[in-house]
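One-letter residues, chain by chain:
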Amino acid sequence: MQYHPSQQIAKQHEILFSKAILESLAHPQPMLGELPESTCFSVAQPDFTSADSDRVPLLRFNQKLGHLYEEALFTLLAADSRYQCLTKNLQIITPEKRTIGELDFILFDTIKQQHIHLELAVKFYLIHHDGNMACYPGPDARDNYQRKVSRLRQHQLKLASHPDTKESIAQFTAGASLEVRHLVHGIFFDHIAAEEKPNPPFANPESRRRSWMYCSELAQQFPESKTARILPKQLWLCEIDATLFHALVEVPFSELLELGQQRCTMFVIHPNDDPKFLVPDGWPNIH
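Let me begin by describing the structure that accompanies this report. (Residues numbered from 1 in each chain as written. Predicted model: local features only at pLDDT ≥ 70, side-chain atom pairs only at ≥ 80, totals over all residues. Heavy atoms only, no water.)

### Overview of the overall build of the protein
Turning to step 1, where the next piece is worked out: A tally of regular secondary structure across the protein gives 7 helices and 11 strands.
Turning to step 2, where the next piece is worked out: Since a compact globule built from 287 residues should have a radius of gyration of about 19 Å, the 20 Å found for the protein is in line with a globular shape.
Turning to step 3, where the next piece is worked out: Based on the C-alpha atoms only, the size of the protein along its principal axes is roughly 65 × 50 × 35 Å.
Turning to step 4, where the next piece is worked out: When the 287 residues of the protein are sorted by exposure, 50% land in the buried category.
Turning to step 5, where the next piece is worked out: Long-range pairs, those at least 24 residues apart, make up 66% of the contacts in the protein between residues at least 6 apart in sequence. (Helix = DSSP H or I, 4+ residues; strand = E, 2+ residues; numbered from the N terminus. Rg over C-alpha atoms; globule rule 2.2 N^0.38 Å. Buried < 20%, exposed > 50% of the residue type's maximum accessible area, 1.4 Å probe, protein only. Contact = heavy atoms within 4.5 Å.)

Listed below in structure tokens is the structure:
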């Protein structure tokens, strides 16, 4: 597949982008709040300064978004003396050789002397009003917030206690109980003209929020602008400062609109602005 230049990670930006991704996972306001089945996990802010760029661990960008952020979290955990990562991406297979799921991380908290089953997710949801009802689809509208939270609660967070899991994890926990934790980072996007900004059930009321608009609304919203910078998907979670802004690919509005009509595209116009989603005019009824 040939990617648009804005989605290709230039070699000279890999350290800068790695730093931004690592910092985004340590943001103090996750998307998902506390759940009946699990409590939030927090990650210590990495001590990577611009003067110490040689200390920034280099992430591998040629992988799926979920795998990239799993690698980033593993990197942060490895730098934190409090936690020992005993295993990750542990597949649970029944005696009948059927895979029923995967545990993202099994950790040992050296302070609390507690084993932890940790599930990680990075998600983005655009708030769309269907009549009087608020819906929370993702950029691919086949994904939605309610379905994600339901699967997390009903399957992923219960997997460690499944009978077929005990043997798989015994070698890491020596039979000790597991504390279940989750870390779901992400951003909710309200329509740029929205007056009401609802929070879905279990969402962190302080979670990050940005804006989205249809392609047909771009010129009206930014009548004085002619160009924008596009965020590669790997940076969707990141806060865009001036340094990151100037590392992004700049395109004319005509090209931004062409991309935006194909799929949800995140862009930013000025340094230190919050990025926004530009979505196809037929969204969410097209994928």
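### Notes on the pattern of salt bridges
Turning to step 1, where the next piece is worked out: Under the counting rule described, the total for this entry stands at 12 salt bridges.
Turning to step 2, where the next piece is worked out: Of the charged contacts, one joins D140 and R142 as a salt bridge, the two residues approaching to 2.8 Å between their closest N and O atoms.
Turning to step 3, where the next piece is worked out: Overall, the relative accessible area of 52% leaves R142 in the exposed class.
Turning to step 4, where the next piece is worked out: In this structure, R209 and D190 form a salt bridge, with 2.8 Å as the shortest nitrogen-oxygen distance. Taken together, the residues R209 in strand β7 (residues 209-214) and D190 in strand β6 (residues 178-191) connect sequence positions 19 residues apart.
Turning to step 5, where the next piece is worked out: For D190, a relative accessible area of 2% corresponds to the buried category. (Salt bridge = Lys/Arg side-chain N within 4 Å of Asp/Glu carboxyl O.)

### Looking at the layout of surface pockets
To find leftover empty space, a probe the size of one water molecule is rolled over the atoms.
Turning to step 1, where the next piece is worked out: Each pocket or cavity is described by its volume, and for the largest pocket that value is around 1,600 Å³.
Turning to step 2, where the next piece is worked out: Only α2 (65-78), β3 (99-109), β4 (114-130), α3 (145-154), α7 (253-262) and β10 (265-268) provide two or more residues apiece to the lining of the largest pocket.
Turning to step 3, where the next piece is worked out: Residues that form the lining of the largest pocket fall into these classes: 21 nonpolar, 15 polar and 13 charged. (1 Å grid on protein atoms, 1.4 Å probe; cavity = no way out; pocket = protein on both sides within 12 Å on 5 of 7 lines; lining within 4 Å. Points joined across faces, edges and corners; volume = space filled by probe spheres on them. Nonpolar A, V, L, I, M, F, W, Y, C, P; charged D, E, K, R; others polar.)

### Focus: the environment of E70
Turning to step 1, where the next piece is worked out: Note that E70 resides in helix α2.
Turning to step 2, where the next piece is worked out: Along the backbone, E70 and M133 are 63 residues apart, and their C-alpha atoms lie at a distance of 34 Å.
Turning to step 3, where the next piece is worked out: Dropping the residues within four chain positions of it, E70 is found in contact with N89, D104, F105 and L120.

### Some thoughts on empty space enclosed by the protein
Turning to step 1, where the next piece is worked out: Under the counting rule described, the total for this entry stands at 1 cavity of 30 Å³ or more.
Turning to step 2, where the next piece is worked out: Counted as a void, the largest cavity has a volume near 50 Å³.
Turning to step 3, where the next piece is worked out: If you go around the largest cavity, the residues you meet are M31, L32, K123, Y125, Y145, K148, V149, L152 and V184.
Turning to step 4, where the next piece is worked out: Listing elements by their share of the lining of the largest cavity, those giving two or more residues are β4 and α3.

### Remarks on helix α4 (residues 166-173)
Turning to step 1, where the next piece is worked out: Among the residues of α4, those classed as buried are S168, I169 and T173. Projected down its long axis, α4 shows its buried positions confined to an angular sector of 115°, all on one face. Those residues of α4 that are exposed and angled more than 90 degrees off the buried face are E167 and Q171.
Turning to step 2, where the next piece is worked out: Those residues of α4 that are buried are in contact with β2 (83-93), β3, β4 and β6.
Turning to step 3, where the next piece is worked out: Backbone geometry just downstream of α4 places A174 in the positive-phi region, at approximately 55°. (Arc of directions from axis to C-beta.)

### Some remarks on the nonpolar core
Here is a general trend for soluble globular proteins: nonpolar side chains tend to be buried in one another's company.
Turning to step 1, where the next piece is worked out: Of all hydrophobic cores here, the largest spans 50 residues; its most connected members are I21, F41, Y69, L73, F124 and F277.
Turning to step 2, where the next piece is worked out: Ranked by residues supplied to this core, first place goes to α2 with 7 residues.
Turning to step 3, where the next piece is worked out: Setting aside its immediate chain neighbours within four residues, F41 contacts L77, Y83, L107, I116, L118, R181, H182 and L183. (Core = buried A, V, L, I, M, F, W, Y, C linked by side-chain atoms within 4.5 Å.)

### Side note on α3
Turning to step 1, where the next piece is worked out: Listed in full, the buried residues belonging to α3 are Y145, K148, V149, L152 and R153. An end-on view of α3 places all buried positions within 125° of arc, on one side of the element.
Turning to step 2, where the next piece is worked out: Elements in contact with the buried residues of α3: β4 and β6.
Turning to step 3, where the next piece is worked out: Where α3 starts, the residue carrying a side-chain oxygen 3.2 Å from the main-chain nitrogen of Q146 turns out to be N144. (Polar contact = N/O pair within 3.5 Å; in protein donor to acceptor, adjacent residues only side chain to side chain.)

### Re unusual backbone geometry
Turning to step 1, where the next piece is worked out: Backbone torsion omega between W283 and P284 reads 5°, so that peptide bond is classified as cis.
Turning to step 2, where the next piece is worked out: Within the secondary structure layout, P284 lies in the segment after β11 (276-279).
Turning to step 3, where the next piece is worked out: Look at K97: it is not a glycine, yet its phi comes out positive at around 70°.
Turning to step 4, where the next piece is worked out: Mapping K97 onto the fold places it in the loop between β2 and β3.
Turning to step 5, where the next piece is worked out: One non-glycine residue, A174, adopts positive backbone phi at about 55°.
Turning to step 6, where the next piece is worked out: Along the chain, A174 falls in the loop between α4 and β6.

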